[in-house]
There are 2 protein chains.
Amino acid sequence: MTISVPLTRMKAGERRELILRAATGVFGTSGYVGATTADVARAAGVSQPYVVRMFGTKEQLFLEVINRALELLLAGFQSALDDTSSDVALEKRMGLAYVNQLKEHGVLLSLMHAFVLGREPVIGRAARAGFMKVYRFLREDAGFDAAQVQNFLASGMLINTMIGLDMAEDYDGDPDVRELMECAFPEKVEMVRELARKRTEG
Amino acid sequence: MTISVPLTRMKAGERRELILRAATGVFGTSGYVGATTADVARAAGVSQPYVVRMFGTKEQLFLEVINRALELLLAGFQSALDDTSSDVALEKRMGLAYVNQLKEHGVLLSLMHAFVLGREPVIGRAARAGFMKVYRFLREDAGFDAAQVQNFLASGMLINTMIGLDMAEDYDGDPDVRELMECAFPEKVEMVRELARKRTEG
DNA sequence: GTCTATAGGATGATAGAC
DNA sequence: GTCTATCATCCTATAGAC
């Protein structure tokens, strides 16, 4: 009698997280429509039907991806809020928390893709609700005033855009791009460029 | 002998502009991947194969759409730059020129969709080049300093995001949304809401 | 829990008539 | 210049075995 359990078996919860991470990267790169469930499956090392089986539909998978991204983002903000040890201003700590989300590719970009699909009935509603959740966290929990929130979110959207553009591809080292990025996220430019380099090589 | 020319005939140049306008709206709503050539054809009142015939591929059509959008945007900026009659500050005039592009649906959103597709080989390159064109116009022609450009572009990306989210759909009249939008484009909130209303009704 | 096979639907693009 | 018909591809989702 041989062991019939495949070596690749694991608990559903673990696979779920694995697939969600993979999906985050894929949706971040290709967007909701452009990403295929087969892309996600390949990235996660499972079969395409399994992805669908586990999440029901591609749409539901995407919703879980952006909900997870929101949780990560708000958790990062909450940590920045709680960390009163450093003497760095709150606004700056929050900015760093935002940029730190770039460590996992697709977290911010998946959200960005959702944010420009407001006319999709289901995704649009979720995207608006998610955006407002962030807004209210900044306004209420973090205590930002209206101008601060606007500034903060605007910078965030510019960062998203430049990451989405994949600026490092054609303009790595371009002084104009460098100037723009330093303005948008000083102290973090090196980290961003390094991430881009790592991807190009890997 | 009867007239065999269909009533719908027109010169290619006119149809071209007609289709480009329609495509701008469709791509703005659904994004590059989500928009279909059939959607564009329907919006333009022509057949789907005709759209493909005229532009070669969907990709080339999209490239023409974003190039046209860039031309409109830069032309608007140039006008704001030339108009020295008013005593409004240049930065503000440029901001109004930006928001005025909302009058044609899809101009800003098509660009935004392109901006988050940096990893698409062809579209990504065009998107980066277009973004840098705007950047250099602001920096050199308009004479903005680094911080001004960063601020201006950040506000622009936030505006794009809120338009893309279609905020008016669920949050029309919400005081939080109103506050955020007034911050982002004062004097223009009414115009934007009116456009949203017109769409909902029409 | 995970896979293979495949159905079913949409979509980009071509062929060819008028 | 514009349309109808149609092909080939791709992709989501289902069925069912192990």
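Heads up: the structure comes first, above all this text.
Tallying secondary structure elements over chain A gives 11 helices and 0 strands in all. In sequence order, chain A lays out its α and β elements as α-α-α-α-α-α-α-α-α-α-α. Oriented by its inertia axes, the alpha-carbon framework of chain A measures out at about 65 × 40 × 40 Å. Here chain A holds 202 residues, and the buried ones make up 49% of them. The long-range share in chain A, meaning contacts at least 24 apart out of those at least 6 apart in sequence, stands at 64%. For chain A, the accessible surface area stands at approximately 9,600 Å², while carbon and sulfur atoms represent 53% of it.

Between the two copies, chain A and chain B, the superposition gives an RMSD of 0.0 Å; the rotation angle is 180° and the shift along the axis is 0.0 Å. A rotation of that kind, with that shift, is consistent with a two-fold axis. In terms of C-alpha distance to the rotation axis, chain A has Ala154 of chain A as its closest residue, with the C-alpha 2.3 Å off the axis. A symmetric contact is evident, with 100% of the interface residues of chain A recurring at the interface of chain B.

With that settled, the discussion passes to the protein's contact with DNA strand D. DNA strand D sits among 18 residues. The nearest are Thr37 and Arg53 of chain A together with Ala12, Ser47 and Tyr50 of chain B. Protein-proximal atoms of DNA strand D, defined as those within 4 Å of the protein, fall in sugar or phosphate at a share of 51%. For DNA strand D, a phosphate oxygen lies 2.9 Å from a polar atom in the backbone of Lys58 of chain A. Met10 of chain B has a polar backbone atom sitting 3.0 Å from a phosphate oxygen of DNA strand D. Elements with a minimum of two residues in the surface near DNA strand D: helix 3 (48-55) of chain A together with helix 1 (12-34) and helix 3 (48-55) of chain B. A breakdown of the residues in the surface near DNA strand D according to their chemical character gives 7 nonpolar, 6 polar and 5 charged.

Another aspect to go through is the pattern of salt bridges. Where charged atoms from two side chains of opposite charge approach closely, those side chains can pair. This structure, assessed with the given rule, holds 20 salt bridges over all chains. In this structure, Arg136 of chain B and Asp174 of chain A form a salt bridge, with 3.2 Å as the shortest nitrogen-oxygen distance. Pair noted here: Arg136 of chain B is in helix 7 (residues 121-141) and Asp174 of chain A is in the loop between helix 9 (168-171) and helix 10 (175-184), and the two residues belong to different chains. Taking the relative accessible area as the measure of exposure, Asp174 of chain A reaches 17% and is therefore buried. A single network of salt bridges, built from pairs that share partners, joins Glu17, Arg21, Arg68 and Glu104 of chain A.

Here we come to the environment of Arg136 of chain A. Looking at Arg136 of chain A, the relative accessible area reads 27%, which means it is partly exposed. Measuring from C-alpha to C-alpha, the distance between Arg136 of chain A and Thr24 of chain A comes to 24 Å, with 112 residues separating the pair along the chain. Among the polar contacts made by the side chain of Arg136 of chain A, one reaches the side chain of Asp174 of chain B at a distance of 3.2 Å.

A few words now on unusual backbone geometry. In the Ramachandran plot, Asp166 of chain A falls in the positive-phi region, its phi being about 60° despite a non-glycine side chain. By relative accessible area, Asp166 of chain A is classed as buried at 7%.

Burial of nonpolar side chains together is a common tendency in soluble globular proteins. Counting 135 residues, the largest nonpolar core has Phe77 and Phe131 of chain A together with Phe77 and Phe131 of chain B as its most contacted members. Residues within four places of Phe131 of chain B in sequence aside, it is in contact with Leu158, Thr161, Met162, Leu165, Met167 and Leu180 of chain A together with Phe115 and Leu153 of chain B.

Put simply, helix 8 (residues 146-165) of chain A and helix 8 (residues 146-165) of chain B touch, their axes get as near as 7 Å, and they point 85° apart. As summarised for this structure, helix 8 of chain A and helix 8 of chain B are arranged roughly perpendicular, according to the angle between their axes. Touching Gln150, Asn151, Leu153, Ala154, Ser155, Met157, Leu158 and Thr161 of chain A of helix 8 of chain A are Gln150, Asn151, Leu153, Ala154, Ser155, Met157, Leu158 and Thr161 of chain B, all from helix 8 of chain B. Partitioning the contact of helix 8 of chain A with helix 8 of chain B into residue classes produces 8 nonpolar, 8 polar and no charged.

The subject of this paragraph is the protein's contact with DNA strand C. Around DNA strand C, 18 residues are found, and the nearest of them are Ser47 and Tyr50 of chain A together with Thr37, Gln48 and Arg53 of chain B. When the atoms of DNA strand C within 4 Å of the protein are sorted by group, sugar and phosphate make up 52%. In the environment of DNA strand C, a phosphate oxygen lies 3.0 Å from a nitrogen or oxygen atom belonging to the backbone of Lys58 of chain B. Only helix 1 (12-34) and helix 3 of chain A together with helix 3 of chain B provide two or more residues apiece to the surface near DNA strand C.

Residue and element names in this part refer to chain A. Two numbers describe how helix 4 (residues 58-82) lies on helix 6 (residues 107-115): the axes approach to 9 Å, and their chain directions differ by 125°. As the angle between them shows, helix 4 and helix 6 are arranged oblique. Of the two elements, helix 4 crosses helix 6, and the hand of that crossing is left-handed. Of the residues in helix 6, those touching helix 4 at Phe62, Val65, Ile66, Ala69, Leu70, Leu72 and Leu73 are Val107, Leu108, Ser110, Leu111 and Ala114. By residue class, the composition of the contact of helix 4 with helix 6 is 11 nonpolar, 1 polar and no charged.

Facing 47 residues of chain A, the contacting portion of chain B comprises 47 residues. Carbon and sulfur atoms make up 62% of the surface buried where chain A meets chain B, a total of about 4,400 Å² over both sides. For the interface between chain A and chain B, the tally reads 10 salt bridges. A salt bridge links Asp170 of chain B to Arg128 of chain A; its shortest N-O distance comes to 2.8 Å. Applying the counting criterion to the chain A and chain B interface returns 22 residue pairs in polar contact (both at pLDDT 80 or more). Elements supplying a minimum of two residues to the side of chain A that touches chain B: helix 1, helix 6, helix 7 (121-141), helix 8, helix 9 and helix 10 of chain A. Looking at the side of chain A that touches chain B, the element that brings in the most residues is helix 8 of chain A, giving 13 residues. A breakdown of the residues in the side of chain A that touches chain B according to their chemical character gives 24 nonpolar, 11 polar and 12 charged.

About the criteria used
- Residues numbered from 1 in each chain as written.
- Chains lettered and ligands numbered in written order.
- Predicted model: local features only at pLDDT ≥ 70, side-chain atom pairs only at ≥ 80, totals over all residues.
- Heavy atoms only, no water.
- Helix = DSSP H or I, 4+ residues; strand = E, 2+ residues; numbered from the N terminus.
- Buried < 20%, exposed > 50% of the residue type's maximum accessible area, 1.4 Å probe, protein only.
- Contact = heavy atoms within 4.5 Å.
- Areas by Shrake-Rupley, 256 points an atom, 1.4 Å probe, with all protein chains shown as cover.
- Least-squares fit on C-alpha atoms with pLDDT ≥ 70 in both.
- Near = heavy atom within 4 Å.
- Polar contact = N/O pair within 3.5 Å; in protein donor to acceptor, adjacent residues only side chain to side chain.
- Nonpolar A, V, L, I, M, F, W, Y, C, P; charged D, E, K, R; others polar.
- Salt bridge = Lys/Arg side-chain N within 4 Å of Asp/Glu carboxyl O.
- Core = buried A, V, L, I, M, F, W, Y, C linked by side-chain atoms within 4.5 Å.
- Axes fitted to C-alpha atoms, helices over the stretch in contact; angles between N-to-C directions.
- Parallel < 35°, antiparallel > 145°, perpendicular 65-115°, else oblique.
- Left-handed = near helix turned anticlockwise from the far one by under 90°.
- Buried area = accessible area lost by both parts, 1.4 Å probe.

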